[in-house]
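Listed below, chain by chain, are the residues.
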Amino acid sequence: ALKSATMAAKCTLSAATASDNPLLRSWSDQPFNLPPFKLIHAEHFVPAFEVAMAAHLADLETIASTPIDIIDDESSCGDDIFDSILGAYDRAGTLFWKVEAVYDNYTGSLNTPDMQEVQTKMAPILSRHNSKTYDVPGLFEKIEIVYGMREEKLKSGEWNAEQARLADRVHIDFVKMGATFDAVTKIEYADIQAELASLETKFMQNVLKDEEEWELVLAEGDMEGCPSDVIAAARQAAIDRKKGPGDHVITLGRSMVEPFLSYASRRDLREKVFDAFSRRGELSAERDNSKIAVDILRLRKRQANLHNKTSFADYQFEDTMAQSPENGMKLLDDVWGKAKDAANREREMMESFLSEKGEELEGGVQPWDWRYYAEQVRQAKFNFDENEMKPYFSLDAVTKAVFDVSNKLYGLKYLLREDIEAYHPDVNVYEVREAKKDAAADSDEDELVAIFLHDNFARPYKSSGAWMSEYRTQTRNLAPETDAIEAIPIVSNNNNFSKGSENTLLSFDDGVTLFHEMGHGHHGMLSDCHYEYLASTNVLKDFVELPSQLMEHWLSEPVVLKKHAKHYQTGEVVPDDLIERFKAAELFNEGFATIEYTSCALLDIALHSLSEYGDDFDLSKFEKDYLEEIGMPQGIIMRHRPSHFLHLFASSSYASGYYVYMWAQVLDNDVFAAFEETGDVFDPQTAQRCRECIYSKGNTVAPQELFRKFRGRDPDATFMLKNRGLIPK
């Protein structure tokens, strides 16, 4: 019935329309049913969404019209009831989710002016469609009936634990989307969601525009102090932006800004770059993100009030491991005091260094000075210059390293498919395979696990930062006659490394970012769930960063460095002496890094905990006053100031939730300790338990239970505090 309803909706289109639009036609002629990237253009999305939204609602209407007597019939099989409602709900909207996956990836990775126009138009339309999906007449009533059965069906053995979990999670999401509201309140709630979608889209596009437009054109002499790879990246940026033959360009990409701030000897240029970078989202009077952010805050506060919550923070924390803003703040406050002490010690070291050299900085160490003098102190105190490591950290070498770690831990093999075109020439497409589960021990038979897209370089029209996304999520709940390849996930990792003219050399932090995103990638690729709704990264947000941050640990392991950190020109393996000096300096400036992050997380919760945002509410003043109140160390600012804080204001996913990175650090350091305790960071038994408990279960089990199953106890923050150098090891 569900399938026929979908087909009926699709058939309202003429065959010609479907065949003309690559988003609507079958992708069975593409390798692995990948999107036909080279055929997809911005103008295809609006008509495709019109069809896909109608098909999605038709699917949900079919579920809502399931006769109530079938559900109430005691002779009905529990599985039949479940599949008619929740199994069908999990499968609903196949065409819609297919189109939206491509759309979401394009608006992040290929957001051209044409695409931005589509995004601006579609943001409120897609939001209202989302609201409609929770308000199909009769649908929530069916969801509630099945939800009410879950404990009895689980106890009787008619349902398994994953089915009971699905009933619980779907019901929670319907309630959070206002399914219990009266008709008038539902209209207001949908209006709020639509307005938020438009504002969040505008906020993101403003940051993107600032990053596209701003540039600092320099001569090579202006880049005195910068290593050759940074100079080469600036020259490549000048070529890409069609500048003169001797020009070099500094853009606002983090992977270009931070190296420039770390090595450029001209203080006036560091200040100029830092000023623009820290004011993204407010560089132009026409693109004032501070006002947009306040409008977003007011709407979120009203959204929370409709749920009888005083603040948006109260609303957001309800469905998390932390459970309350107070618990999130408790962890952050504990770290904050220790990090302030560490950062102040680091600044004092820089001041002593300057004094010994007879130098005096006007105004003391400023934010555009910190990275520069931290590098000077690192070299003087630890005899370590990160530039010594960079030749051993080419993008190719670090990519091989992460693939090898993935293979050693989880048996995954990555086969580059140069014949498959993605949406941009820089994107590599891989088959991800592993040994066949039922193959003989001496067999080399393998099977497809996932398709992986690796998009590593910064470029115009690509959002800043790094992220993992999916074009298709793992599932076993396929409709009859569906191609089995549709159960295989298509996972994408996006980074923003500055592309070198010949070789791209990464900083250690860039390498950590690549490993981090591969951790998210593993979460998608190793997912082993029956229902897509619970699969992959569809987990509580303070658990979602555990798989990613856990993966970071392997990059600095000597066994990995000795195998993969090879000089990009000579092939020489990184010397033991350099590794020793790197490890000795590893925790230097960790106070600074912790302050940069933790200040963002603290302000996020404080900002979203307010119960009012009056007509005179000034976001910049709130930022200034709050940072003074908590004792922000001199010379450091927030890693993400409010005007460009995409985690908070480009969507609501991490709003009042930026703390999750620190929460997950408690978890990931504890999990990695389990590997270390075996004496082998690639211990097969621990890796298998990690795969089962951390990567494969999605949201089929509560995250607290998954952690306890892996570790045999609740998390211990001691490992995190020691590894960040905040308490003695």
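Residues numbered from 1 in each chain as written. Predicted model: local features only at pLDDT ≥ 70, side-chain atom pairs only at ≥ 80, totals over all residues. Heavy atoms only, no water.

1. Remarks on the overall build of the protein chain
Step number 1: On a plain count of helices and strands, the protein chain comes out with 30 helices and 7 strands.
Step number 2: Its C-alpha atoms give the protein chain a radius of gyration of 26 Å, within 12% of the compact-globule value 27 Å for 729 residues.
Step number 3: The principal-axis extent of the C-alpha atoms belonging to the protein chain is close to 85 × 70 × 55 Å.
Step number 4: Buried residues in the protein chain amount to 59% of all 729 residues.
Step number 5: Long-range contacts, defined as pairs at least 24 residues apart, comprise 76% of the intrachain contacts of the protein chain with a sequence gap of at least 6. (Helix = DSSP H or I, 4+ residues; strand = E, 2+ residues; numbered from the N terminus. Rg over C-alpha atoms; globule rule 2.2 N^0.38 Å. Buried < 20%, exposed > 50% of the residue type's maximum accessible area, 1.4 Å probe, protein only. Contact = heavy atoms within 4.5 Å.)

2. So, the pattern of salt bridges
Step number 1: Taken as a whole and judged by the stated rule, the model has 64 salt bridges.
Step number 2: Among the salt bridges present, the one from glutamate 282 reaches arginine 641, with a minimum N-O distance of 2.8 Å. Pair noted here: glutamate 282 is in the loop between α13 (267–278) and α14 (289–306) and arginine 641 is in the loop between α25 (619–629) and α26 (646–649), with a separation of 359 residues, a long-range link.
Step number 3: Glutamate 282 sits in the partly exposed class, given a relative accessible area of 23%.
Step number 4: Lysine 357 is the salt-bridge partner of glutamate 359, the closest N and O atoms lying 3.2 Å from each other.
Step number 5: For lysine 357, a relative accessible area of 45% puts it in the partly exposed group.
Step number 6: Residues joined by salt bridges that share partners form a network here, namely Lys413, Arg417, Asp419, Glu431, Arg433 and Asp446. (Salt bridge = Lys/Arg side-chain N within 4 Å of Asp/Glu carboxyl O.)

3. Side note on the pairing of strand β7 (residues 490–497)
Step number 1: The buried fraction of β7 is high, at 8 of 8 residues.
Step number 2: Burial of the side chains of β7 extends over both faces: Ile490, Ser492, Asn494 and Asn496 are buried on one face and Val491, Asn493, Asn495 and Phe497 on the other.
Step number 3: The pairing of strand β5 (residues 446–457) with β7 spans 6 bridges and is parallel. When the sheet's bridge partners are listed, phenylalanine 452 is paired in β7 with valine 491.
Step number 4: By the bridge criterion, 5 bridges tie strand β6 (residues 467–472) to β7 in an arrangement that is antiparallel. Bridge pairing links tryptophan 467 to asparagine 494 in β7. (Pairing = 2+ DSSP bridges.)

4. A look at the sheet that holds strand β4 (residues 428–435)
Step number 1: Pairing within the open sheet is mixed, and its 5 strands lie in the order β3-β4-β5-β7-β6. For this open sheet the edge positions go to β3 (413–416) and β6, each flanked by a neighbour on one side alone. Sheet twist, expressed as the average angle between the axes of neighbouring strands with direction ignored, equals 30°.
Step number 2: The pairing of β3 with β4 spans 4 bridges and is antiparallel. (Axes fitted to C-alpha atoms, helices over the stretch in contact; angles between N-to-C directions.)

5. Details of the environment of alanine 276
Step number 1: Within the secondary structure layout, alanine 276 lies in helix α13.
Step number 2: For alanine 276 and alanine 655, which are 379 residues apart along the polypeptide, the C-alpha to C-alpha distance reads 24 Å.
Step number 3: Not counting chain neighbours up to four residues away, the residues in contact with alanine 276 comprise Trp214, Leu252 and Leu283.

6. Digging into the packing of aromatic side chains
Step number 1: One pass over the full model with this rule turns up 43 aromatic pairs.
Step number 2: Here a set of aromatic residues connected by ring pairs shows up, and it is made of Phe37, Phe45, Phe49, Phe96, Trp97, Tyr103, Tyr106, Tyr423 and Tyr471.
Step number 3: The ring of phenylalanine 382 carries the charged tip of lysine 381 above its face, separated from the ring centre by 5.6 Å.
Step number 4: Here the guanidinium or amino end of arginine 689 rests over the ring plane of phenylalanine 710, the centre of that ring lying 4.6 Å away. (Phe/Tyr/Trp six-rings, centres within 6.5 Å; stacked < 30°, edge-to-face > 60°. Lys NZ or Arg CZ within 6 Å of the ring centre and 35° of its normal.)

7. Some remarks on helix α3 (residues 45–64)
Step number 1: Between its first and last C-alpha, α3 extends 28 Å over 20 residues, near the 28 Å set by a 1.5 Å rise per residue.
Step number 2: Of all 20 residues in α3, 16 are buried, a share of seventy percent or more. (Expected span 1.5 Å × (residues − 1).)

8. Observations regarding the confidence of the model for the protein chain
Step number 1: Residues of the protein chain with pLDDT of at least 70 account for 95%, and the chain-wide mean is 94.
Step number 2: Low confidence marks residues 1–16, where pLDDT is under 50. Its contacts with residues over four positions away, or in another chain, come to 19 contacts. (pLDDT = per-residue confidence, 0-100.)

9. Digging into the nonpolar core
Step number 1: Judged by nonpolar contacts, the single largest core of 137 residues is most densely connected at Phe515 and Trp554.
Step number 2: Here this core takes 11 residues from helix α16 (residues 325–357), the largest share from any one element.
Step number 3: Look past the residues within four positions of tryptophan 554 in its chain and what remains in contact with it is Val405, Leu409, Phe515, Val560, Phe672, Phe675, Val681 and Phe682. (Core = buried A, V, L, I, M, F, W, Y, C linked by side-chain atoms within 4.5 Å.)

10. Points about the side chain of asparagine 105
Step number 1: As for its placement among the helices and strands, asparagine 105 is situated in helix α6 (residues 94–109).
Step number 2: Within polar-contact distance, the side chain of asparagine 105 engages the backbone oxygen of glutamate 470 at 3.4 Å.
Step number 3: Each residue touching asparagine 105, except ones within four places of it in the same chain, is listed here: Leu110, Ser469, Glu470, Tyr471 and Ser492. (Polar contact = N/O pair within 3.5 Å; in protein donor to acceptor, adjacent residues only side chain to side chain.)

11. Examining the side chain of arginine 300
Step number 1: Mapped onto the secondary structure, arginine 300 falls in helix α14.
Step number 2: One polar contact links arginine 300 to histidine 608, side chain to side chain, over a distance of 3.0 Å.
Step number 3: Only 3.0 Å separates the side chain of arginine 300 from the backbone oxygen of serine 651, close enough to count as a polar contact.
Step number 4: Residue contacts for arginine 300: discarding those within four places in its chain leaves Leu196, Glu200, Phe312, His608, Leu648, Phe649, Ser651, Ser652 and Ala655.

12. Quick look at the environment of methionine 638
Step number 1: Mapped onto the elements of the fold, methionine 638 is located in the loop between α25 and α26.
Step number 2: Separated by 133 residues in sequence, methionine 638 and leucine 505 place their C-alpha atoms 27 Å apart.
Step number 3: Those residues within four positions of methionine 638 in sequence are excluded, and the remaining contacts are Glu596, Ser599, Cys600, Leu603, Glu623, Leu627, Met632 and Phe645.

13. Observations regarding the packing of α3 against α6
Step number 1: As a packed pair, α3 and α6 sit with axes 7 Å apart at the nearest point and diverge in direction by 140°. The crossing of α3 and α6 is left-handed. Of the residues in α6, those in contact with Phe45, Ala48, Phe49, Val51, Ala52, Met53, His56 and Asp59 of α3 are Thr94, Leu95, Phe96, Trp97, Val99, Glu100, Val102, Tyr103 and Tyr106.
Step number 2: Here the contact of α3 with α6 is built from residues that sort into 13 nonpolar, 2 polar and 2 charged. (Left-handed = near helix turned anticlockwise from the far one by under 90°. Nonpolar A, V, L, I, M, F, W, Y, C, P; charged D, E, K, R; others polar.)

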